2 protein chains.
Amino acid sequence: MKRTERVGAIIRILTQNPNQIYSLGYFSDMFTAAKSTVSEDVSTARQLLLATELGRIETTAGAKGGIKYIPLVSPRHGEELLTKLCSKLSDSNRILGGGFLYTSDLMFDPNIVSGVAMMFSEQFMNRGADYVVTIETKGIPIAFMTAHMLNLPLVVVRRESKISEGSTVSINYFSGSAERIQKMSLAKRAVEPGKRAIIIDDFMRAGGSIKGIIEILGEFDVSVVGTGVVIASVEPQKKKIDDYYPLLYLGEVDEEAKTIEIFRERDVKFENRA
Amino acid sequence: MKRTERVGAIIRILTQNPNQIYSLGYFSDMFTAAKSTVSEDVSTARQLLLATELGRIETTAGAKGGIKYIPLVSPRHGEELLTKLCSKLSDSNRILGGGFLYTSDLMFDPNIVSGVAMMFSEQFMNRGADYVVTIETKGIPIAFMTAHMLNLPLVVVRRESKISEGSTVSINYFSGSAERIQKMSLAKRAVEPGKRAIIIDDFMRAGGSIKGIIEILGEFDVSVVGTGVVIASVEPQKKKIDDYYPLLYLGEVDEEAKTIEIFRERDVKFENRA
């Protein structure tokens with residue numbers, strides 16, 4: 001195999017398995033090439049990813065050391081993605097009753113999901129998380145893709161306890177969106193005590209669901225080290241949780257005038273938020 | 001940029017966006033290189049993907065023509081994945097009451113999900129589908145990843161109609177697993193009439209849920225051109241649908257002896273199946 005082919009294969013394998021450590025030996029076996037040769041190939045691969053802003057290859061030392069690919073969103077790509085998302089979300093055809101927007105098509109669109117998940121993985125990669133956690137249903141693809149980027153298992157909190165989940169722990173919580181007490185449950189087998197989780201969801205109004213997820217994870221002695229939501233609503237400004245990372249804010253939805261206010265995070269100023 | 005770097009960048013972009021067409025002009029702009037140069041780069045990329053069994057680059061002609069990456073699972077990788085899945089599924093700790101197995105950890109594991117989704121995308125890529133459809137909840141990551149590989153939107157049928165779905169169409173169906181009548185609903189905005197869908201789900205017993213999905217899609221004049229399930233149960237041998245593609249079969253689950261029978265598709269013979 002030629003240098004170009006080896007570099008291409010390294011890139012294909014690393015980038016499709018983000019945050020997974022591969023030893024140099026893995027590639028030298030695959031190519032039947034010396035480790036020094038593979039080492040040069042990796043260094044070429046690293047340079048080209050940097051040059052094209054397509055991510056980073058990191059080297060980890062030690063017995064279990066090796067190389068891994070870290071997905072990155074270049075500032076330009078991040079800007080493009082959020083601008084596109086803002087424009088799609090502002091389409092007045094999305095307006096449903098009660099200030100709700102139809103967003104399933106976006107939350108299930110592979111291109112949007114990949115981009116959003118890369119932004120979340122970049123934000124949370126250094127938190128030392130063991131799981132990515134979401135609550136069914138609409139946030140599952142984005143949470144799953146974030147888990148894929150971070151090479152972590154996904155855990156899904158269910159609304160109802162299902163027979164296929166085995167024994168579960170359930171809590172009741174107040175959902176501001178549904179304006180009533182709701183239930184959520186988590187399988188006892190889903191997580192191990194003492195671990196750490198990142199919560200990812202598609203939408204947050206007052207934060208009742210996310211507060212519920214934090215509470216149910218607390219029942220398992222799992223702590224939350226980061227929360228990402230695609231869209232947070234501006235109102236109520238006082239949320240039930242303090243620490244969250246939203247990509248966009250939803251302002252007023254005017255059903256009569258058929259207008260939807262969507263803001264970038266940097267354009268929203270809360271009086272009672274640090 | 002050097003040849004090696006251009007080839008690496010082409011591979012990174014194509015393989016992370018499967019089944020998406022890129023024009024040669026896209027890359028010649030990115031690299032500020034002649035189209036003839038890019039064309040040679042693509043041909044190197046194609047050769048190395050073939051040589052390493054990591055997928056295929058196809059060229060499409062015409063005004064909207066260009067190149068795209070088609071993910072492929074090599075026979076060896078497919079074999080490895082199914083062997084691993086069989087072994088994990090046979091772990092007696094998975095046994096729940098009533099012949100159920102705990103499988104959420106596998107259905108939410110990024111490595112397993114990616115491999116399984118690649119197998120489904122390979123199976124269904126030539127069906128001319130417009131959507132990948134699943135029913136919440138456990139099959140969503142695999143269905144989403146299959147949609148990502150095929151570059152199609154994911155559509156999720158819900159158990160209950162939610163306010164954030166807008167107006168929906170609902171049906172009742174008999175679920176053999178739950179042993180009762182259940183409801184499913186689909187947002188009117190989710191699909192367009194005359195389109196074609198692939199159904200992906202994690203598990204099928206008698207096929208009641210999948211028959212329900214076919215029926216609800218029929219209400220929208222959407223036809224089903226393929227059905228993939230990760231695990232089908234051997235019993236009942238007579239399913240409610242005829243055409244499905246299972247990766248594995250679940251045989252007897254013996255709660256007393258703590259044994260689980262998992263079969264490869266090729267090892268299962270049905271008397272009443274062609």
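As the structure is a computational prediction, the values presented were derived from the model and not from experiment.

1. Quick notes on the overall build of chain A
Tallying secondary structure elements over chain A gives 8 helices and 10 strands in all. With the principal axes as the frame, chain A shows a C-alpha extent of 65 × 45 × 35 Å. Expressed as a percentage of contacts within chain A between residues at least 6 apart in sequence, the contacts between residues at least 24 apart total 62%.

2. Regarding the interface of chain A and chain B
Taken residue by residue, the interface counts 47 residues in chain A and 47 residues in chain B. With 10 residues, the top contributor of residues to the side of chain A that touches chain B is helix H1 (residues 3–16) of chain A. Classifying every residue of the side of chain A that touches chain B gives 25 nonpolar, 13 polar and 9 charged.

3. Remarks on the domain arrangement of chain A
All names here are of chain A. By the assigned domains, chain A splits into domain 1 (3–70) and domain 2 (75–267). Domain 1 and domain 2 are separated by 33 Å when their C-alpha centres are compared. Between domain 1 and domain 2, the residue contacts involve 4 residues of the former and 5 residues of the latter.

4. Concerning the pairing of strand S3 (residues 131–135) of chain A
All names here are of chain A. Taking burial as the measure, the 5 residues of S3 include 5 buried ones, the bulk of the element. Note that S3 and strand S7 (residues 196–204) share 3 bridges and pair parallel. Residue pairing in the sheet places Val 133 in a bridge with Ile 199 of S7. Direction of pairing for S3 relative to strand S4 (residues 154–157): parallel, over a ladder of 4 bridges. Paired with Ile 135 across the bridge in S4 is Val 157. Since S3 and S4 lie parallel, the crossover through helix H7 (residues 140–150) that links them has a hand, and here it is right-handed.

5. Remarks on the sheet that holds strand S9 (residues 245–254) of chain B
Residues and elements named next belong to chain B. A sheet is described by the order of its strands in space; here 6 strands give the open sequence S4-S3-S7-S8-S9-S10, paired in mixed fashion. Because the sheet does not close on itself, it has two edges, and the strands there are strand S4 (154–157) and strand S10 (259–264). With strand direction ignored, the average angle separating the axes of adjacent strands in the sheet is 25 degrees. With respect to the sheet, helix H6 (residues 110–124) is in contact with strand S7 (196–204), strand S8 (223–233) and S9, its orientation differing from that of S8 by roughly 145 degrees. Running at roughly 180 degrees to strand S3 (residues 131–135), helix H7 (residues 140–150) makes contact with S3, S4, S7 and S8 of the sheet.

6. Observations concerning the relation of the copies chain A and chain B
Copy one and copy two of the chain differ by a rotation about an axis and a translation along that axis. Overlaying chain A with chain B gives an RMSD of 0.0 Å, the required rotation being 180 degrees about an axis along which the chain moves by 0.0 Å. Seen this way, the second copy is the image of the first under a two-fold rotation axis. Most of the interface of chain A is mirrored in chain B: 100% of its interface residues are interface residues there too.

7. What about the sheet that holds S3(A)?
Residues and elements named next belong to chain A. Reading across from one edge, S4-S3-S7-S8-S9-S10 is the order of the 6 strands in this open sheet, with mixed pairing throughout. Looking at which strands have only one partner, the edges of the open sheet turn out to be S4 and strand S10 (259–264). When strand polarity is set aside, the average angle formed by the axes of neighbouring strands in this sheet is 25 degrees. As paired elements, S7 and strand S8 (residues 223–233) share 8 bridges and run parallel to each other. By the bridge assignment for S8, Phe 203 is matched with Ile 231. Running over the sheet, H7 touches S3, S4, S7 and S8 and is turned about 180 degrees from S3.

8. Re the pairing of strand S1 (residues 56–60) of chain B
All names here are of chain B. Sheet analysis places S1 next to strand S2 (residues 66–70), joined by 5 bridges and oriented antiparallel. In the strand pairing of S2, Thr 59 is matched with Ile 67. Between S1 and S2, which pair antiparallel in sequence order, lie 5 residues; one of them, Gly 62, sits at a positive phi of approximately 100 degrees.

9. A short note on the packing of helix H3 (residues 35–51) of chain A against helix H1 (residues 3–16) of chain B
It is the contact of H3(A) with H1(B), at a shortest axis distance of 9 Å, that shows an interaxial angle of 65 degrees. The angle between H3(A) and H1(B) falls in the class roughly perpendicular. Crossing hand, H3(A) versus H1(B): right-handed. Contacts from A:Thr44, A:Ala45, A:Leu48, A:Leu49 and A:Ala51 in H3(A) reach B:Thr4, B:Glu5, B:Gly8, B:Ala9 and B:Arg12 in H1(B). When grouped by side-chain class, the residues that make up the contact of H3(A) with H1(B) number 5 nonpolar, 3 polar and 2 charged.

10. Some words on H1(A)
Taking 1.5 Å per residue as the helical rise, H1(A) with its 14 residues ought to reach 20 Å, and the 20 Å between its terminal C-alpha atoms agrees with that figure. Within the span of H1(A), buried status applies to A:Thr4, A:Glu5, A:Arg6, A:Val7, A:Gly8, A:Ala9, A:Ile10, A:Ile11, A:Arg12, A:Leu14 and A:Thr15. Turning to H1(A), the residues buried within the fold contact helix H2 (24–31), H3, strand S1 (56–60) and strand S2 (66–70) of chain A together with H1 and helix H3 (35–51) of chain B.

11. Some points on the environment of A:Ile198
All names here are of chain A. In this structure, Ile 198 sits in strand S7. C-beta crowding within 10 Å serves as the criterion here: with 28 such atoms nearby, Ile 198 is assigned to the buried category. Sequence spacing of Ile 198 and Gly 78 is 120 residues, and the spatial spacing of their C-alpha atoms is 21 Å.

12. Quick look at the nonpolar core
Most often, soluble globular proteins keep nonpolar side chains buried together rather than apart. Counting 108 residues, the largest nonpolar core has A:Val132 and B:Val132 as its most contacted members. Sequence-distant contacts of B:Val132, defined by excluding residues within four places in its chain, comprise B:Ala143, B:Thr146, B:Ala147, B:Leu150, B:Leu152, B:Leu154, B:Ile198 and B:Ile200.

13. Details of the confidence of the model for chain A
Looking at chain A as a whole, its pLDDT mean stands at 94, while 99% of the residues score no less than 70. The ipTM for the predicted assembly is 0.95, set against a pTM of 0.96.

14. Quick notes on the environment of A:Lys68
All names here are of chain A. Here Lys 68 lies in strand S2. Overall, the presence of 18 C-beta atoms within 10 Å leaves Lys 68 in the partly exposed class. Separated by 22 residues in the primary sequence, Lys 68 and Arg 46 have C-alpha atoms spaced 10 Å apart. Those residues within four positions of Lys 68 in sequence are excluded, and the remaining contacts are Leu 14, Asn 19, Gln 20, Ile 21, Tyr 22, Glu 58 and Thr 60.

What counts and how
Residues numbered from 1 in each chain as written. Chains lettered and ligands numbered in written order. Predicted model: local features only at pLDDT ≥ 70, side-chain atom pairs only at ≥ 80, totals over all residues. Helix = DSSP H or I, 4+ residues; strand = E, 2+ residues; numbered from the N terminus. Contact = placed C-beta atoms within 7 Å. Nonpolar A, V, L, I, M, F, W, Y, C, P; charged D, E, K, R; others polar. Domains from an automatic or database assignment. Buried ≥ 20, exposed ≤ 12 C-beta atoms within 10 Å, placed from the backbone. Pairing = 2+ DSSP bridges. Right-handed = clockwise from strand over helix to strand, strands pointing away. Axes fitted to C-alpha atoms, helices over the stretch in contact; angles between N-to-C directions. Least-squares fit on C-alpha atoms with pLDDT ≥ 70 in both. Parallel < 35°, antiparallel > 145°, perpendicular 65-115°, else oblique. Left-handed = near helix turned anticlockwise from the far one by under 90°. Expected span 1.5 Å × (residues − 1). Core = buried A, V, L, I, M, F, W, Y, C linked by C-beta atoms within 7 Å. pLDDT = per-residue confidence, 0-100.

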